[in-house]
Amino acid sequence: MVHLTIDGRSIEVPEGTTVLEAAQDLGIDIPTLCYLKEVNVIASCRICLVEVEGSRSLIASCSLPASEGMVVRTHTPHVLHARKKVLELLLSDHPFDCLTCFRSGNCELQTLAREMNVHGLQWEGERNVFAVDDLSPSLVREPSKCIRCRRCVTVCRDVLTVSIYETLQRGFDSVAGPAFNDSLQDTPCITCGQCILVCPTAALHEKDDTDKVWQALEDPDMHVVVQTAPSIRVSLGEEFGLPQGELVVGKMVSALHRLGFDKVFDDCFGADVCIMEESTELLSRLKGEGGPLPQFTSCCPGWVKFCENFYPELIHHLSSTKSPQQIFGALVKTYYAQKAGISPEKIFSVSIMPCVAKKFEAARPEHQDSGYRDVDLVLSTRELARIIRMSGINFADLPDEDFDDPMGHASGAGVIFGASGGVMEAALRTLSDKLNGYEMEESDLEKIRSFNELREAEFKLGDRMVRVAVARNIGEARKLCDRVRNEKAPYDFIEIMACPGACVGGGGQPIYSNLDKWSLQMDLRRSRARGLFQSDKEKKYRKSHENPHVQRLYEEFLGEPNSEKAHELLHTGHKARPLYTCEGSFAGDKVEYRHHREDQGWAH
Amino acid sequence: MPQYRHHILVCQGTGCLSSGSTGVLNSLTSEVRSQGLKQQVRVVKSGCFGFCMQGPVMIVYPEGVFYTQVQPDDVPEIVSSHLKQGKVVERLLFKDPETHKPVQEFDDILFFKRQKRLVLKNCGAINPENIEEYIAQDGYFALAKAVTEMTPEQVIEEVKKSGLRGRGGGGFPTGRKWEFAKGAEGEPKYVICNADEGDPGAFMDRSILEGDPHAVLEAMCIAGYAIGSHQGYVYVRAEYPVAVSRLEIAISQAREKGLLGERLFGTDFFFDIDIRLGAGAFVCGEETSLIRSIQGLRGEPRPRPPFPAKEGLWGRPTLINNVETLANIPQIIRHDGDWFASIGTERSKGTKVFALAGKIHNTGLIEVPMGTSLREVIYNLGGGIPKGKKFKAAQTGGPSGGCLTEEHLDIALEYDSLLAVGSMMGSGGMIIMDEDSCMVDVARFYLEFTRDESCGKCTPCRIGTKRMLEILTRITEGKGTEKDLNDLENLAQVVRENSLCGLGVSAPNPVLSTLRYFRQEYEAHIHDKYCPAGVCQKLLAYEIDPERCKACGLCRRECPTGAIKGAPKQPHHIEAEACAKCGVCLSKCPFKAISRGPGSRRPEPGLPAEVAAGGDEARVHPDSGSSLVH
Amino acid sequence: MDSVQELEEIRSRVLGEKPGRILISMGTCGLAAGANSTLEASRDELAKRKLTGWDIVQTGCLGLCDREPLLVVEKPGEARVVYYGVNDDRARQIIANHLVNNYIVGEWVLPSDEGTQTS
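Given the structure is predicted, the values throughout are model-derived calculations rather than measurements. (Residues numbered from 1 in each chain as written. Chains lettered and ligands numbered in written order. Predicted model: local features only at pLDDT ≥ 70, side-chain atom pairs only at ≥ 80, totals over all residues.)

## A few points about the sheet that holds strand E18 (residues 493–496) of chain A
For sheets, the rule is that strands pair by backbone hydrogen bonds, running either parallel or antiparallel.
Residues and elements named next belong to chain A.
Thinking step 1. A sheet is described by the order of its strands in space; here four strands give the open sequence E13-E18-E17-E16, paired in mixed fashion. Strand pairing shows two members of the sheet lacking a second neighbour, strand E13 (295–296) and strand E16 (455–461), which therefore form its edges.
Thinking step 2. Bridge analysis of E16 against strand E17 (residues 464–471) gives seven bridges, and the strand direction is antiparallel. Bridging from a neighbouring strand, Lys460 pairs with Met465 of E17. (Pairing = 2+ DSSP bridges. Helix = DSSP H or I, 4+ residues; strand = E, 2+ residues; numbered from the N terminus.)

Here is the structure:
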């Protein structure tokens, strides 16, 4: 333990604690920009500077280990002046388009500028202006707004091991971006969107498709249906000031009805169908038919693309079952259209996802097994919140409403799809029932629910032991894939979700502008997961195969799981993808631009 | 036809004939015959060599030995000694009464005599590509002494006693650095030689590596022994091809001789060295960036602590020393710490190598004891300022340092005194400026360098250097304002106090120090739109000499802004307002009628002279302004 | 290398008798000033005049980069003489005059006051 004094108050902290963390323990808030706890501790933004007695210059507190007898001052006039001037420099190379910016209102830079009382810049000059990259269906990159904090670089490289971003060029010209400043579309970006969650500004954001939903809702000839992913019900409330992880499913359905959607369905119904198909597929693989073991889940589009990009030799391990979103999409324009007597070409199918990779998934050319585009439009949680806000709906005060029939009712198994380990658990619930004839113990399942490290477990299913694993994020998936490739992974079934904590922590979820504490983020993800398990507990049916609506679907339409019709509509293939393509479709070169000092305003 | 071993030319010109060369010729012919050399020596009569005063003269080939004042009596000796035994008859060689004895012995040349060459001892004296020559100069004896007679603690103790401080710029005590590295936990440990010399105008390290690479290798071995490391890396710029190739040769020769590798001098100590090439980023001279670069990562600094001594290359304890620092080590160990500490000053021990560049007579490399005065270096070693110009300033420490002016000529060159006057020792680059140098332009030059070399990681350096350069550029273009000067000073403080690494922290130094000593030059640029040294292009005035102008019209046609006016057969003139100072007219004029100069101090356009000069009264009545002009 | 004796043997062997040595500064500055052709001319001239036993040593920079190429003539027991600006023609003449005829070409010898202020 070491003892130090911060702003006149003594504190004892374990060795290795930074001054920033020690100050946080004392409730002293030192502002940061580039810092991301345990992920990005590079002391580059120079905002968290503090005065340390005996030191000639100011020191960045984020990377400064506390040492015995250290005397630190965090908010002296000298420190404040330095922070403010550094911030002004940062702002002098930033476009001043806050009014129309994506992150207006929850931009970390904007917040800091307000907190630091910046009302004008002492120094102005040339600014970096880069072309906007909006070729990806999921992400938009506006490098002109990049403040070189490099959180995207470290998250993508160190947590997710995808390594799309690196710092390009040097000095004033430097910027974080994909190799050669190519479009994200030409890279093996898995479109998970974690970089969006950590970006302090709008240099990275989702592609906004809200205009398209308004067009569809406006069209009187269109029957607009919407499916909502499990995780939306535990995160949407946060956008409207409700507690983190609060279950707001009733309000959400109610809001969607008010927005004018003709039918509000639950994507968890698709998840239930997914379990029927995927567990049946696993059974046949266990019998030595239908593909190699281990079987990988395939409901996460980020993970599927990762596998196609980086481990093409393993794509036969991917379950051929589509994701719940695409299963749902294919059924809406066939089963539902038939049942409701509506021509599928008049149906506009929207899905609300905690994810931006789902935009990419819906756009994959093969997803039109219904004869039409299975899912027409994907909106993230943030985009849904945006259209709710635009419509003047007072979300917090909405009454609870129920999903619509016939695809609005799901089992608890479908709901927990949004939490890490949820897909695995849902499959095990069904398989245990079918093969063992009894329910699994909750305590056994706890093993795969935790949010920490790689989870492994062994379960007796019928006459054999089945070994399963759950990867907590795509970085761990890479390690697993390496083991599978080297035949050193003795598993039968592996759940992989790209985002840390799975869909509850998806790249389309609400962004917090004080997100400089990565561990807090994990707390947030955990509380959302708790919300899902709470919802699960409240469900009448907690296993996919017990869902009467699913049973009816098979009776009336599909026949058996993995039937010919099910294969036609609910299964898909995967293809190897090149890592980098040279489409040459995007020129992200720096645009020479000089800010004219004569201008009163900030020309863009 | 016989193959003659020697041809002898005996002058038979009038002059030599009169001094008796016929006798010499005859004597030679008979002597050759009698000593049995007829088949080997051919005697030739030749014309006048023009050296009649010294006749009779003869030349013996192939060597070309030139004998003067040869008498027939001398001939037998020439034949028996020179032709038969190959020994030249020294007494008959030409002696110049003026240059023979007062020859400038190497050590008498004041340029060398006034230096104290420790580090450069072998530079220019041995063949760096032959390890045996280094050994002949006591090379590797220090390593032998260290590993066979001393404990690692004793080695470090000697280095500490010597008072040696880092020569790369910071001046950190080398012995303490070694001690930290030795005390750090973790295996393996590494020794790195920092040869990423990047200051413009500095080439001390390059010269040492080119002239005496083994001294550095020996020192790295000693350091390895002292801290418990077995692997060293020399991180050297790829732009130093000669140094790299000599290092490669030196390493392979040292391995061959068993001076690198296993069981050195029969002990259990082993050490090896490899080369890592840098790609020329200035920031990679900063130790944490250098380490990242060796690891194959983007060359960028990281916050310290942890210091490399604790967590360096691959996260292991690493000792990083600069080339010149290391080059001192073998001699410290061979003599002892006290010997070294007897050279230099109280707080700066030993010598320092400086690279002299710029407006100085002897551009080159010198080594002097710490504490030598700037005047001694510039005038007695550097040979003063060429063309009789006046000394203006010396920039030490390159882009990280500051300037020393006339008032500092008697300052002692050592770490602390230089810091005290706003400069720094740096790695030893010293650029001399004379009255023709514009100090604003000099500051701008260095800022441009640091702007280009900033890695872009931290905000103050990335954007701050850019903004400073913008302000300086405005000033040198005559667009500066009083606010710019104020902003520049504030900005310099922000960049200096808040940057992540030494590059940013020291980047404002050239600006701050020129502002401190040459503020009036900044003010002239800003208020008078006048560059006193006549350097800043945009502030120069072009004039046509009416006497020389032949009204050919060439300049008028070439001028891109149409600033030159004139009618046929009438001397042309340049309208200053329209002139873009591009200099095209100057280069085109066939009659050299156009000249360029600093022009005269001009008031700011549109303001009356009194306002520009700061007259308060005029400011009270701005309306009356225009009528006051002219 | 097993012992200090080995080092000592090398040292005494290298320091043994020789007619003399020519040292040519071949740092980057020397090379830039044409030291390579000075070296070649010197080698050629020594061979032409059959002056065996003379060593030509490539060395590093002497510090007077402005006066490169520098060539130093060392004869045992005699003054070490530094010549400056030694192009290949000068190198040939220095060998003929200084090595062969012991006549020091004063014109190209670095003056002893080099380094003092020039007026």
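## Quick notes on the nonpolar core
Thinking step 1. By size, the foremost hydrophobic cluster in this structure holds 379 residues, and its most contacted members are B:Val216, B:Ile222 and C:Tyr83.
Thinking step 2. Tallying contributions element by element places helix H10 (residues 213–227) of chain B first for this core, with eleven residues.
Thinking step 3. Beyond its immediate chain neighbours, meaning those up to four positions away, B:Val216 contacts B:Cys193, B:Ile208, B:Leu209, B:Val323, B:Leu326 and B:Ala327. (Core = buried A, V, L, I, M, F, W, Y, C linked by C-beta atoms within 7 Å. Buried ≥ 20, exposed ≤ 12 C-beta atoms within 10 Å, placed from the backbone. Contact = placed C-beta atoms within 7 Å.)

## A closer look at the environment of A:Ile352
Residues and elements named next belong to chain A.
Thinking step 1. With respect to the secondary-structure elements, Ile352 resides in strand E14 (residues 347–353).
Thinking step 2. Judged by C-beta crowding, with 29 C-beta atoms within 10 Å, Ile352 ranks as buried.
Thinking step 3. Between the C-alpha atom of Ile352 and that of Ser231, which follows or precedes it by 121 residues, the distance is 9.7 Å.
Thinking step 4. Residue contacts for Ile352: discarding those within four places in its chain leaves Val226, Thr228, Ala229, Ile232, Leu379 and Leu384.

## A look at the sheet that holds strand E11 (residues 223–228) of chain A
All names here are of chain A.
Thinking step 1. The four strands lie next to each other as E12-E11-E14-E15, forming an open sheet whose pairing is parallel. If you trace the sheet from one side to the other, it starts and ends with strand E12 (263–266) and strand E15 (377–380), each paired once. For this sheet, the mean angle separating the axes of adjacent strands, direction not counted, is 25°.
Thinking step 2. Judged from the six bridges that link them, E11 and E14 form a sheet pairing that is parallel. (Axes fitted to C-alpha atoms, helices over the stretch in contact; angles between N-to-C directions.)

## Regarding the interface of chain A and chain B
Thinking step 1. Chain A puts 28 residues into the contact, and the matching count from chain B is 27 residues.
Thinking step 2. For the side of chain A that touches chain B, the element with the most residues is helix H2 (residues 77–92) of chain A, which contributes six residues.
Thinking step 3. A per-class count over the side of chain A that touches chain B returns 13 nonpolar, nine polar and six charged. (Nonpolar A, V, L, I, M, F, W, Y, C, P; charged D, E, K, R; others polar.)

## Description of the domain arrangement of chain B
Thinking step 1. For chain B, the assigned domains read domain 1 (6–92), domain 2 (131–341), domain 3 (351–437), domain 4 (440–527) and domain 5 (541–597).
Thinking step 2. Taking only C-alpha atoms into account, the centre of domain 1 of chain B sits 74 Å from that of domain 4 of chain B. (Domains from an automatic or database assignment.)

## Concerning the pairing of strand E1 (residues 21–25) of chain C
Residue and element names in this part refer to chain C.
Thinking step 1. Among the five residues of E1, four are classified as buried, and the element is accordingly described as predominantly covered.
Thinking step 2. Direction of pairing for E1 relative to strand E2 (residues 55–59): parallel, over a ladder of five bridges. Paired with Ser25 across the two strands is Thr59, which belongs to E2.
Thinking step 3. As paired strands, E1 and strand E3 (residues 71–74) are joined by four bridges and run antiparallel to one another. Across the sheet, the residue bridging to Ile24 is Leu71, located in E3.

## Points about unusual backbone geometry
Thinking step 1. Here the amide bond leading from A:Leu293 into A:Pro294 is cis, since omega sits at -5°, within 30 degrees of zero.
Thinking step 2. Counting through the fold element by element, A:Pro294 comes out in the loop between helix H8 (267–286) and E13.
Thinking step 3. Along the chain, B:Pro305 connects to B:Pro306 via a cis peptide bond; the corresponding omega equals 0°.
Thinking step 4. Positionally, B:Pro306 belongs in the loop between helix H12 (287–294) and strand E8 (318–322).
Thinking step 5. The backbone phi angle of A:Arg46 is positive, close to 65°, even though this residue is not glycine.
Thinking step 6. Tracing the backbone through its elements, the reader meets A:Arg46 in the loop between helix H1 (19–25) and strand E3 (49–52).
Thinking step 7. Overall, the presence of 31 C-beta atoms within 10 Å leaves A:Arg46 in the buried class.

## Re the environment of B:Ile431
All names here are of chain B.
Thinking step 1. Note on placement: Ile431 falls in strand E13 (residues 429–434).
Thinking step 2. The spacing of Ile431 and Phe591 is 160 residues in sequence and 36 Å in space, taken between C-alpha atoms.
Thinking step 3. Once you skip the residues sitting within four places of it in the chain, Ile431 turns out to touch Gly201, Ala357, Gly358, Ala394 and Gln395.

## Concerning helix H14 (residues 422–436) of chain A
Residues and elements named next belong to chain A.
Thinking step 1. Its 15 residues give H14 an end-to-end C-alpha distance of 20 Å, which sits within 8% of 21 Å, the value for a rise of 1.5 Å per residue.
Thinking step 2. Burial of H14 is extensive: eleven of the 15 residues sit out of reach of the surface.
Thinking step 3. When H14 is considered as a whole, its buried residues turn out to be Gly422, Val423, Met424, Glu425, Ala426, Ala427, Leu428, Arg429, Thr430, Leu431 and Ser432.
Thinking step 4. Following H14 by one or two positions, Gly437 adopts a phi angle in the positive range, close to 80°. (Expected span 1.5 Å × (residues − 1).)

## Structural notes on the packing of helix H7 (residues 152–162) of chain B against H10(B)
All names here are of chain B.
Thinking step 1. One way to put it is that H7 packs onto H10 with a least axis distance of 7 Å and a crossing angle of 120°. Judged on the interaxial angle alone, H10 and H7 are oblique. Here H7 and H10 pass one another in a crossing that is left-handed. Seen from H7, the contacting residues are Pro152, Val155 and Ile156; seen from H10, they are Ile222, Tyr225 and Ala226.
Thinking step 2. Of the residues belonging to the contact of H7 with H10, the class tally is six nonpolar, no polar and no charged. (Parallel < 35°, antiparallel > 145°, perpendicular 65-115°, else oblique. Left-handed = near helix turned anticlockwise from the far one by under 90°.)

## Quick word on the domain arrangement of chain A
Residues and elements named next belong to chain A.
Thinking step 1. Taken as a whole, chain A is organised into domain 1 (2–89), domain 2 (93–207) and domain 3 (210–570).
Thinking step 2. Taken over C-alpha atoms, the centre of domain 1 sits 25 Å from the centre of domain 2.
Thinking step 3. Domain 1 puts 15 residues into the contact, and the matching count from domain 2 is 20 residues.
Thinking step 4. Taken together, the residues of the side of domain 1 that touches domain 2 sort by class into ten nonpolar, two polar and three charged.

## What to know about the interface of chain C and chain B
Thinking step 1. Each partner contributes to the interface: chain C provides 50 residues, whereas chain B provides 59 residues.
Thinking step 2. Among the secondary structure elements, those contributing two or more residues to the side of chain C that touches chain B are helix H1 (4–14), E1, helix H2 (28–32), E2, strand E4 (81–83) and helix H4 (88–100) of chain C.
Thinking step 3. The element best represented in the side of chain C that touches chain B is H1(C), accounting for five residues.
Thinking step 4. Across the side of chain C that touches chain B, the residue classes tally to 25 nonpolar, 16 polar and nine charged.

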